[in-house]
Amino acid sequence: MKPLKSLDLKQVHIEDCIVSPYIDLVRREIIPYQWKALNDQLKDTVPSFCIRNFRRAAGLEQGGFEGAVFQDSDVAKWLETVAYSLSVCPDAELESLADQTIDLIGRAQQPDGYLDTYFILNAPDRKWTNLKEGHELYVAGHMIEAAVAYTEATGKKHFLAIVTRLADLICNYFGPGKGQCHGYPGHEEIELALVRLYRITGERRYLDMAKYFIDTRGTGDNYFLREEQQPLFRPIWAAPGDYDPAYFQADVPVRQLKTMEGHAVRAMYLCCAMADLAAEYDDEELFRSCVRLWNDTTKRRMYLTGGIGSSGTGERFTADYDLPNDGNYSESCASIGLAQFGKRMAQITRDASYIDVVERALYNTVLAGIASDGKSFFYVNPMEVWPANCIPHTSRDHVKAVRQKWFGVACCPPNIARTLASFGQYVCFADEEQQRLYLNLYVGGEIHACFRDAELTAVLEGRFPEDGTFRIRIRQKGRENSGEPAGAELALRVPDYAEDFEIRRNGTPVKPEIEKGYVLIRSLEDGDELEIHAAVAARFVHANPQVRADEGKLALVKGPLVYCLEETDNFPNLNAVLVSQDTSITEEKDPAFFGGLPKLRFSAKALSQDGWNEGELYSTRRSVLQDVTLTAVPYFAWGNRKPGEMLVWMRERL
């Protein structure tokens, strides 16, 4: 299996009505804001302690560790975001700040390469004794990912040297050998990071270490149960014995997993590593497990928005079709993991159906996780919000009616930031052997790809999927000294929501040659102009009747965008709405609303409150319906104006 490659972010310039404002926000607002958060400089927020912990571990100030056990990973994700930002927009001042932070991390690192401020400061004698909860390998994974990204962006090797020492320690400490620890991480992440480290260094032991962690997981006597019996074990989150192996994807070997279980973020990072390793080792059995888990997730356990992990208890998967709306979790990090998994599967298979899901997750749940000003965040992404019942210390304690300035456990904000900063990695892939550029996402901008015999530039224009039209102008020339004429190819994804998909090449309709959801345009010539036309109308959709929470309900979508009702555009008690699937939908453009994205307006009925007396809770009177006109906005945009109710799934009027 030879996966398609993502282009360097420098080669993908995005100027798009939906995505660009968020990418620009990363550089202008999010990176500075999150730096303040990491340094406890935000007013009226839970302190982060991140930089303070590193300063203490480096001996620059006194004190113990504070915050969540995995707090170091927030700094790592911030640095990874900075790396991606520097790739496309050099900034000497920001780079200097990143270098200073990396120097601080290096000073905190122990002589043997160990790097985790929680254990350095609070439990130096208990390193690697609680893999189930300690998150040491999870933190190490994020550090490695950040260092790889920073090296690729700047060419500097100091950060890479730090994580290489850490990775060498891990490779020496863990493994099947005598005297080595035969454990594996409680929270997966190190595995995919080690693959990235292998790819930049060429050091095979890192790839083999990742494979060991995957191969040993869930085999034999459960490691986490044995770990609890060791003298140095101390619980961090849960009491000893309060352990469900399936929650950690450790109940059976990964090649035997049938359904997606347990903590959603853990599961996604596991699957990302499995896909990477299946490709690197040409492991068909491991890949079949990836396909099986992908299908279970996306066909039975995924929300319309690409949210996954429905339970507010444990941030986890539950049962097939268990997708409640007003109390679901759908952590932002889980959707990011789903997008990462889908990206890898698309690169391996060259199958556009994976990108359909990736696009859904990115354009709905991931974008929804951050406010339009970059200064507040959703950790949880429900499908329905009634602010009055989002009460602390209840079953809806996790649901927030407004975005939060920061969190005590703040894994999502920097994860959203690094995803937006690296958005170009999802836009397109390259097949170097066939000299083919795969266009996945129809965003405006410019792509520059270098192949063996050709340099290809694709200029992208349009407001797809808003109006269903898109233009691609080709500039191409042969590579110097290649001795061959230029002749690159283009593969254009046909989205699952695009009806009557048509391509014209220099004004002439193209007879589609389709491979796995991509239309192939062969023998591109300099000056070619391609026009894409598709019907991307707003429409109502049903859920599978087995999704009990959505039986007899409709949701509204336009292209990959899920729409929702907000109280500020409509009225209180949105659950009183009843909508006919045959209702006509009109688009209303507001230049001041998210770059002119259309709001959708339609007629419906609503249960009337007329005739009900104050204090009257039940009655035998007949329901009365009244005519209403409703306005829906993209789900990702909700919560950016006046706080109030939000609703995705509306009751259907038959």
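Residues numbered from 1 in each chain as written. Predicted model: local features only at pLDDT ≥ 70, side-chain atom pairs only at ≥ 80, totals over all residues. Heavy atoms only, no water.

(A) Spotlight on the environment of S48. The residue S48 is located in the loop between helix 1 (20–38) and helix 2 (50–57) in this model. Look at S48 and you get buried, because its relative accessible area is 0%. A sequence separation of 103 residues divides S48 from T151, and the C-alpha atoms of the two residues are 26 Å apart. The contacts of S48, once residues within four sequence positions are left out, are A37, L38, D40, E66, Q71 and W406. (Helix = DSSP H or I, 4+ residues; strand = E, 2+ residues; numbered from the N terminus. Buried < 20%, exposed > 50% of the residue type's maximum accessible area, 1.4 Å probe, protein only. Contact = heavy atoms within 4.5 Å.)

(B) Structural view of unusual backbone geometry. Each neighbour pair has its own omega, and for F464 with P465 the value is 10 degrees, a cis peptide bond. As for its placement among the helices and strands, P465 is situated in the loop between strand 7 (454–461) and strand 8 (469–478). Positive phi values are uncommon outside glycine, yet N506 reaches one of about 55 degrees. In this structure, N506 sits in the loop between strand 10 (499–505) and strand 11 (508–509). One non-glycine residue, N573, lies in positive phi territory at about 55 degrees. N573 gets classed as partly exposed once you look at its relative accessible area, which sits at 37%.

(C) The arrangement of the packing of helix 10 (residues 204–216) against helix 12 (residues 264–281) in detail. Two numbers describe how helix 10 lies on helix 12: the axes approach to 10 Å, and their chain directions differ by 125 degrees. One finds that helix 10 runs oblique with respect to helix 12. Once helix 10 is placed against helix 12, the crossing between them reads as left-handed. Residues R204, L207, D208, A210, K211 and I214 of helix 10 pack against L270, A273, M274, L277, E280 and Y281 of helix 12. (Axes fitted to C-alpha atoms, helices over the stretch in contact; angles between N-to-C directions. Parallel < 35°, antiparallel > 145°, perpendicular 65-115°, else oblique. Left-handed = near helix turned anticlockwise from the far one by under 90°.)

(D) A look at the pairing of strand 21 (residues 625–634). In this structure, strand 17 (residues 561–566) lies alongside strand 21, joined through three bridges in antiparallel fashion. Bridging across to strand 21, Y563 finds its partner in P634. Bridge count for strand 20 (residues 598–607) against strand 21 is eight bridges, and the pairing is antiparallel. Bridge assignment links F602 to a residue of strand 21, and that residue is L630. (Pairing = 2+ DSSP bridges.)

(E) Spatial organisation of the environment of D8. Tracing the backbone shows D8 in the loop between strand 1 (5–6) and strand 2 (12–14). When the C-alpha positions of D8 and V88 are compared, they lie 9.4 Å apart, and in sequence the two are 80 residues distant. Looking at D8, its side chain comes within polar contact range of the main-chain nitrogen of K10, at 2.8 Å. (Polar contact = N/O pair within 3.5 Å; in protein donor to acceptor, adjacent residues only side chain to side chain.)

By themselves, these are just geometric observations and shouldn't be taken as functional.
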